[in-house]
Amino acid sequence: GGDGEPLLAGARARRRFEQAEDDAHQRHEDLAGAGVRTLQLALKLVFVVFLLGQDAPRPRIYLLCAIALCIFLHQTGFLSIFSWLYVAPEQEGAGEGGAE
């Protein structure tokens, strides 16, 4: 019985190592996908500012850029001005479950 225990521990360690490698690979793919989505959002906002500000005076262009920057920061999660508007579904159901 004593000989089998180190083998089981080694198998568990190997499984944990393989799981950690898979998790790291998945995080890398998630980060790469997030970077692509962030770039797409930035390009879309630049295009919209370009379209709306074609013959606009400088103050309007500055306003459009400021609004686009706020939208970009909010969409990427760096600016959470309106976080109080969003309530997660878990939080809504938590209050109802405790009342029963």
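Residues numbered from 1 in each chain as written. Predicted model: local features only at pLDDT ≥ 70, side-chain atom pairs only at ≥ 80, totals over all residues. Heavy atoms only, no water.

Draft legend 1. Representation of the overall build of the chain in the model. Within the chain, the secondary structure is distributed over 3 helices and 0 strands. The secondary structure elements of the chain, listed N-terminal to C-terminal, are α-α-α. Burial status across the chain gives 6% buried among its 100 residues. Entry remark: accessible area of the chain is about 8700 Å², with carbon and sulfur atoms responsible for 63%. (Helix = DSSP H or I, 4+ residues; strand = E, 2+ residues; numbered from the N terminus. Buried < 20%, exposed > 50% of the residue type's maximum accessible area, 1.4 Å probe, protein only. Areas by Shrake-Rupley, 256 points an atom, 1.4 Å probe, with all protein chains shown as cover.)

Draft legend 2. Quick look at a nonpolar patch on the surface. A cluster of nonpolar side chains, contributed by Phe47, Val48, Phe50, Leu51 and Leu52, occupies part of the molecular surface with about 490 Å² of accessible area. The residue Leu51 is located in helix 1 (residues 4–52) in this model. (Patch = residues over 30% accessible without salt bridge, like charges linked within 9 Å, V, L, I, M, F, W, Y side chains within 5 Å. Salt bridge = Lys/Arg side-chain N within 4 Å of Asp/Glu carboxyl O.)

Draft legend 3. Spatial organisation of the confidence of the model for the chain. Averaged over all residues, the pLDDT of the chain is 78; the fraction at 70 or higher stands at 67%. Put simply, helix 3 (residues 89–99) is where the chain has its lowest mean pLDDT, 56, and helix 2 (residues 58–76) is where it has its highest, 92. (pLDDT = per-residue confidence, 0-100.)

Draft legend 4. Summary view of helix 2. The end-to-end C-alpha distance of helix 2 is 27 Å, a good match for the 27 Å that 19 residues give at a rise of 1.5 Å each. Note on helix 2: the residue one or two positions beyond its end, Gly77, has a positive phi of about 95°. (Expected span 1.5 Å × (residues − 1).)

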